[in-house]
Amino acid sequence: MSAVTTPGGLDRLLATKEVVVACGPGGVGKTTVAAALGAAAAAVGGGRVLVLTVDPARRLADALRLPRVGNEETQIPEDAFRAAGVRPRGELWAAMLDTKASWDALVRRHARTRRDAEAILSNPLYRNITGRFAKSHEYIAMERLYELHAEGRYDLLVVDTPPALEALDFVDAPQMMADFFSSRLLRWLTAPLRFRVLGVASRPFSQIGDRILGTQFLEDVGRFFLLLETMHEGFVDRARQVSALLRAEQTTFMIVTTPEAVPVQEAERFVTSLRRRSLHLGLLVANKVLPGTLLDPGAQRVAEALAERSAELSADLAALLGGTAAPEQVRLVLEEIGSNHANLRLVALRQAELLGELAAAHETTVTIPQLTGDVVDLAGLVEIGRYLYPG
Amino acid sequence: MSDLLDRRLVFVTGKGGVGKTTVAAALGLLAAGRGRRALVCEMEPRGDLQSAFECGPTSYVPRPVSDGLFAMSMDTEAALREYLRINLRLPLAGRISSVAQALDFVATAAPGVREVLTVGKLCYEVRERHYDFVVVDASATGHIVGHLAAPLGIHDLVRRGVVEEQTRWMLDILDDPAQTGVVVVSTAEEMPVTEALELTDRIGPETGVHLAAVIVNRVLPELFGRAEEATFASLSAPAVIDELAELLGEDPRAVSEVFSAARLAVRMRRVGSAHLERLRSGLPPDTPLLLLPFLFGRSHGPRAIHQMAELLAEELPT
């Protein structure tokens, strides 16, 4: 029931890639699909594979049933593969992203002195940023990806990004940072602290700012940016390298979606967005697809007949069952079976239409069937992985 | 009238993809249907409301989408400009844009300011009684705590100035359970339930905003009762399938497919029920738990929202 169209084969695609960035709308099973791709790549393709998840909800830990995955990389034991009936050819590793720890490390690396670093780390604004700044997850995830790639300990890195279209903004991060550091406003803000007297240029703003925010807060802001500025070059440089890795030959993106109206719309926006940024789209995955047999016209006739002729059929069948079920009961069951098929068929029809749209949006589209259970262990991941990585 | 619709400011959150927009839109319709002037606002301006109501593009300026119901999209810069205009009465008509730019910069740089502006805008609409009911298609479970906690965070961070006063009145609205509440939407699936439970534990203590209800969306119907399940099992025997095919003059394979579809539905429902049970037993006692069925016919658009509103009305205590 897998309608897999993989021109060239996924194994071939992955053979030339070192980084796969999974993206797509929320709620489509992206984390699971990313983990499954990693598991299959490790099991079938071999080599050392790392799955990096950035979601604060610790979803990968759940999917892999690991007690806790910290910022540290953890290997999924070979026993787990054997229990899943697989002899892995490679190794599977997993890591969560600890946003705060990663930001701290970044600051320590780029600060001019240890004192500067500590001043930044203890600034209330900084503490606020790392905890609350939603966008910071995305950048720090890519930064960590870059670091892992540069360390060269893995053959394949699979990253699960936060589920937002804006997640692709991280590619523009270097420019955004450069603009940020060179902005006149930043000078305004930090001027009073630099010269210890209110410069003419900054006075109007400071007065207004003071009325709105209070002096202490403004001073905190100013001090923070003054310190941040010392790391300017390091930050921008690094962001440039991160961005270059995302655009590099060895990096590809995987969009995961489900065949439902809103997720498909969003997946299409992802396709456009990747193209506009010249990022390589390797694979479009449609997850949770109902079986195509639901659209079989013969089955449809049967379902309709079950609903319409339930009374007559139930008499015959009840007799056949030898009185173990009352005809009335049989009739109810037949009607339920018929109407259930009609219901699911409606959904499958909608899905077929949307799958057509997806196939038109990208040539390499893989479908993964609707599973009837949760992915509770590595076996489940490997099973899904087979649709992504046949062989 | 139900407790939920009696509130004045309702934030709808949940894991991505569970149907937050649909639920928020349906709540708005329901409130409007009961004669209250209602506003539905999407926090992340992605066009979800536009696509749900099939109306034109939504913006910061609310547009009517149905009788007594208005829709808007949040826009931080517009919120900032409005804030400056209303609260500071800055004698800077000509230069407001550069001041706005400067403050926008601070807002970008100092996290929490942005969130305060957007949450503040919603509180403002409530305080000024521009609407009787404001329902927010809010950010997902991963970000909602940060968003709603921002006024509290800023309030603790900025101990004087206008911002201190501004966050005070917002907090008075936000932490009043008679006025404000959070609705957590989930589906009967593993991660949505896990995130919903995590959130219901954190939301009150960390943001001061009270949990109003948990809504489970796309609940699959129960196909068979226990006795019917046994009958279904006997009917699934190959001999019976063949007989049925014969009676209908159809291919036994087609009959099998129809039976498989029933098995698929039963299994999906069973997995969902387990998650639903986990949700039910993990919620704080007395949390209203409302169930919305899976819509086979239509999952999206104005018709789906109207259906949702009707179904929600049946679920709400009267």
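Parameters and conventions
- Residues numbered from 1 in each chain as written.
- Chains lettered and ligands numbered in written order.
- Predicted model: local features only at pLDDT ≥ 70, side-chain atom pairs only at ≥ 80, totals over all residues.
- Heavy atoms only, no water.
- Axes fitted to C-alpha atoms, helices over the stretch in contact; angles between N-to-C directions.
- Helix = DSSP H or I, 4+ residues; strand = E, 2+ residues; numbered from the N terminus.
- Parallel < 35°, antiparallel > 145°, perpendicular 65-115°, else oblique.
- Left-handed = near helix turned anticlockwise from the far one by under 90°.
- Contact = heavy atoms within 4.5 Å.
- Nonpolar A, V, L, I, M, F, W, Y, C, P; charged D, E, K, R; others polar.
- Salt bridge = Lys/Arg side-chain N within 4 Å of Asp/Glu carboxyl O.
- Buried < 20%, exposed > 50% of the residue type's maximum accessible area, 1.4 Å probe, protein only.
- Core = buried A, V, L, I, M, F, W, Y, C linked by side-chain atoms within 4.5 Å.
- pLDDT = per-residue confidence, 0-100.
- Arc of directions from axis to C-beta.

A. Layout of the packing of helix H5 (residues 99-110) of chain A against helix H13 (residues 232-247) of chain A. Residue and element names in this part refer to chain A. Their axes nearest at 9 Å, the elements H5 and H13 cross at an angle of 120 degrees. Between H5 and H13, the angle falls in the class oblique. Every pair of crossing elements has a handedness; the one defined by H5 and H13 is right-handed. For the pair H5 and H13, contact is made by Trp 103, Leu 106, Arg 109 and His 110 and by Gly 234, Phe 235 and Arg 238, respectively. A breakdown of the residues in the contact of H5 with H13 according to their chemical character gives three nonpolar, two polar and two charged.

B. Local environment of the pattern of salt bridges. Residues and elements named next belong to chain A. Tallying each qualifying case throughout the model produces 30 salt bridges over all chains. Measuring nitrogen to oxygen at the nearest pair gives 3.6 Å for the salt bridge that ties Arg 82 to Asp 79. Separated by three residues within a single helix, Arg 82 and Asp 79 lie in helix H4 (residues 78-83), roughly one turn from each other. The exposure class of Arg 82 is partly exposed, given its relative accessible area of 43%. You can call Asp 79 exposed: its relative accessible area is 55%. For Glu 118, the salt bridge goes to Arg 108, with nearest N and O atoms at 3.7 Å. Of this pair, Glu 118 sits in helix H6 (residues 114-122) while Arg 108 sits in helix H5, and the two are ten residues apart along the sequence. Here Glu 118 falls in the partly exposed class, since its relative accessible area comes to 38%. Taken together, the salt bridges that share partners define one network made up of Glu 73, Arg 109, Glu 143, Arg 144, Glu 147, Glu 151, Arg 153 and Arg 238.

C. Spatial organisation of the nonpolar core. With 52 residues, the main nonpolar core has Met 142, Leu 145 and Ile 255 of chain A as its most contacted residues. The greatest single-element share of this core, amounting to seven residues, is contributed by helix H8 (residues 136-151) of chain A. Contacts of Leu 145 of chain A, omitting those with residues within four sequence positions, involve Val 19, Val 21, Leu 52, Leu 157, Val 159, Leu 245 and Leu 246 of chain A. By size, the runner-up hydrophobic cluster in this structure holds 51 residues, among which are Val 134, Val 136, Met 170 and Val 193 of chain B.

D. Representation of the confidence of the model for chain A. All names here are of chain A. Chain-level statistics for chain A give a pLDDT mean of 81 and a share of 75% at 70 or above. Considering each helix and strand of chain A separately, the mean pLDDT is smallest for strand S1 (residues 4-5), with a value of 41, and largest for helix H15 (residues 297-308), with 96. Long-range and interchain partners of residues 1-8, a stretch whose pLDDT sits below 50, account for 13 contacts in this model, where long-range means more than four residues apart.

E. Representation of the packing of helix H11 (residues 238-248) of chain B against helix H12 (residues 252-282) of chain B. Residue and element names in this part refer to chain B. Running from N to C, H11 and H12 cross one another at 115 degrees; their axes reach a closest spacing of 8 Å. Along this stretch, H11 crosses H12, giving a crossing that reads as right-handed. On H12, the residues touching Ile 241, Asp 242, Leu 244 and Ala 245 of H11 are Pro 252, Val 255, Ser 256 and Phe 259. A per-class count over the contact of H11 with H12 returns six nonpolar, one polar and one charged.

F. Here's a closer look at H6 of chain A. Residues and elements named next belong to chain A. The set of residues buried in H6 consists of Asp 116, Ala 117, Ile 120 and Leu 121. In a view along the axis of H6, the buried residues occupy a sector of 130 degrees, so they form one face of it. Turned more than 90 degrees from where H6 packs its buried face, Arg 114 and Arg 115 sit exposed.

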